[in-house]
Amino acid sequence: MTSNDDLRGAPAGDGAAESSSAGDSDAVLSQILDVAAAPAAGEALQARMLSDFDRVVSAAETAGGAPRPLQKVFGRIVDGASLVGRFAKGGALALFGVVGFMTGAASAGGGAEEDMAVAYFESALAAGVDDGLEGLWDAE
Amino acid sequence: MRIDAETDEALVARAGRGDRTAAGQLILRHSDRVMGVCFRMLGDRAAAEDAAQETFLKLWRNAAKWRPQGAKFSTWLYRVAANTCLDRLRRSGREVQEDAAPEMADESPHAEERLMSADRAAAVNEAIAKLPERQRLAIALCHYQELSNIEAAAVMETTVEAVESLLGRARRTLRRSLAPVRDELMEGGGLK
């Protein structure tokens, strides 16, 4: 604790005259000062410091943008809109494919083909947009 | 990279990004030293704990925007701790102004009685507490925290010569105030 030469070995300045050996006197003083060690921080204080850190981080997150709960709600809204978009896109493609297939089948003029077209159309609707779309391309 | 090999500056940067582990490492590294400075300045454990906690709170609030700017992190942290203590002393009206403290020996009969109760550390702490605040801070930094005079000057935002002067006056005052109990302190501390 007392390895500081600046304190122990330095001239005693305006106090030097009062001692025949200022350096020795400083060394003795250093030893005396070492009797009184400061208390350590301790785990309880360290825990309070870390708790303060958590509060500051939490407050910064709240102040730095949308609070977390709102961010979650906003995220869900975005997710919902995206899902609707995907559904609409898939439905449009499925309808486009079915209509195209039926038009082609009608132009061929065959009754059997008409029945097949209707069957494909019904199966596409029944299977749902995404699955129906895949099934439709396979059927074609 | 192991976290205990990281520099203080790197840990502060991570703490500024909300890294709890880095904050914990900074606490482990520096809380005892900050506590030491605060205790020397305030002379009371509970007050020192509050000041040390406030010092770290200031660190957390400034971690995200802290930049070295040529100063070591520990220097900055000590400065925050010292200023926190000085603010508290001024608010409480307990500060001892420079040149206001008499450099007189404590020759009261109670001085030796205190040592008879084996509370030698308290006697030393009391002598330190009677120093003017800047002298007290110089002793806290240079003696107890083992900072060089150059580092202490950076913390105290003053010159090396000023620190040397403060140390010289502090030592002279302490020698005088502890003179009546010096032998007991030396014997009691096993220093002879």
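Residues numbered from 1 in each chain as written. Chains lettered and ligands numbered in written order. Predicted model: local features only at pLDDT ≥ 70, side-chain atom pairs only at ≥ 80, totals over all residues. Heavy atoms only, no water.

1. Some thoughts on the overall build of chain A
Counting its regular elements, chain A contains six helices and zero strands. Taken from the N to the C terminus, the helices and strands of chain A come in the order α-α-α-α-α-α. Every one of the 140 residues in chain A was classed for burial, and the buried ones make up 26%. Sequence separation of 24 or more characterises 45% of the internal contacts of chain A that already satisfy a separation of 6 or more. Here chain A displays about 8,600 Å² of accessible surface, and carbon together with sulfur accounts for 62% of that area. (Helix = DSSP H or I, 4+ residues; strand = E, 2+ residues; numbered from the N terminus. Buried < 20%, exposed > 50% of the residue type's maximum accessible area, 1.4 Å probe, protein only. Contact = heavy atoms within 4.5 Å. Areas by Shrake-Rupley, 256 points an atom, 1.4 Å probe, with all protein chains shown as cover.)

2. What to know about unusual backbone geometry
All names here are of chain B. With a phi close to 60°, glutamate 146 is a non-glycine residue in the positive phi region. Secondary-structure assignment places glutamate 146 in the loop between α7 (133–144) and α8 (149–156). Since its relative accessible area comes to 35%, glutamate 146 is described here as partly exposed. Positive phi values are uncommon outside glycine, yet glutamate 157 reaches one of about 55°. Within the secondary structure, glutamate 157 sits in the loop between α8 and α9 (160–178).

3. A closer look at the packing of helix α2 (residues 20–42) of chain B against α7 of chain B
All names here are of chain B. Here α2 crosses α7 at 150°, and the two axes come no closer than 9 Å. The element α2 and its partner α7 pack so that their crossing is right-handed. Packed against α2, whose contacting residues are Val37, Arg40 and Met41, the element α7 presents Glu133, Arg136, Leu137, Ala140, Leu141 and Tyr144 at the interface. Broken down by class, the residue content of the contact of α2 with α7 amounts to six nonpolar, no polar and three charged. (Axes fitted to C-alpha atoms, helices over the stretch in contact; angles between N-to-C directions. Left-handed = near helix turned anticlockwise from the far one by under 90°. Nonpolar A, V, L, I, M, F, W, Y, C, P; charged D, E, K, R; others polar.)

4. Looking at the pattern of salt bridges
A complete count under the given rule lists 13 salt bridges over all chains for this structure. Salt-bridge contacts for lysine 72 of chain B lead to glutamate 151 of chain B; the nearest nitrogen and oxygen are separated by 3.3 Å. Residue lysine 72 of chain B is found in the loop between α3 (45–62) and α4 (73–92), and its partner glutamate 151 of chain B is found in helix α8; the two are separated by 79 residues along the sequence. Using a relative accessible area of 45% as the deciding quantity, one classes lysine 72 of chain B as partly exposed. Glutamate 133 of chain B is the salt-bridge partner of arginine 90 of chain B, the closest N and O atoms lying 2.6 Å from each other. Taken together, the residues span a long stretch of sequence, with arginine 90 of chain B in helix α4 and glutamate 133 of chain B in helix α7 at a distance of 43 residues. A relative accessible area of 46% means that arginine 90 of chain B is categorised as partly exposed. Residues participating in the shared-partner salt-bridge network are Arg48 of chain A together with Arg45 and Glu49 of chain B. (Salt bridge = Lys/Arg side-chain N within 4 Å of Asp/Glu carboxyl O.)

5. A word on the packing of aromatic side chains
All names here are of chain B. Under the definition given, this model contains five aromatic pairs over all chains. Ring geometry for tryptophan 66 versus phenylalanine 73: centroids 5.7 Å apart, planes at 90°, classification edge-to-face. The same class applies to tryptophan 66 as to phenylalanine 73, namely buried. (Phe/Tyr/Trp six-rings, centres within 6.5 Å; stacked < 30°, edge-to-face > 60°.)

6. Digging into the nonpolar core
All names here are of chain B. Ranked by size, the top nonpolar core spans 69 residues in total, and within it Trp60 and Leu141 carry the most contacts. If one sorts the elements of this core by residue count, α2 sits on top with 11 residues. Contact partners of leucine 141, with chain neighbours within four places excluded, come to Val37, Tyr78, Glu146, Leu147, Ala152, Val155 and Met156. (Core = buried A, V, L, I, M, F, W, Y, C linked by side-chain atoms within 4.5 Å.)

7. Thoughts on the interface of chain B and chain A
Across the contact, 49 residues belong to chain B and 39 residues belong to chain A. For the pair chain B and chain A, the summed buried area comes to about 4,000 Å², and 62% of that belongs to carbon and sulfur atoms. Of all residues in chain B, His143, Arg171 and Arg175 of chain B bury the most surface against chain A, accounting for 18% of the area lost on that side. For the pair chain B and chain A, the interface holds two salt bridges. Among the ionic pairs, arginine 48 of chain A bridges to glutamate 49 of chain B, the shortest N-O distance being 3.6 Å. At the boundary of chain B with chain A, the tally comes to nine residue pairs in polar contact (both at pLDDT 80 or more). Taken together, the elements giving at least two residues each to the side of chain B that touches chain A come down to α2, α3, α6 (120–129), α7, α9 and α10 (182–188) of chain B. Looking at the side of chain B that touches chain A, the element that brings in the most residues is α2 of chain B, giving 11 residues. Taken together, the residues of the side of chain B that touches chain A break down into 23 nonpolar, 10 polar and 16 charged. (Buried area = accessible area lost by both parts, 1.4 Å probe. Polar contact = N/O pair within 3.5 Å; in protein donor to acceptor, adjacent residues only side chain to side chain.)

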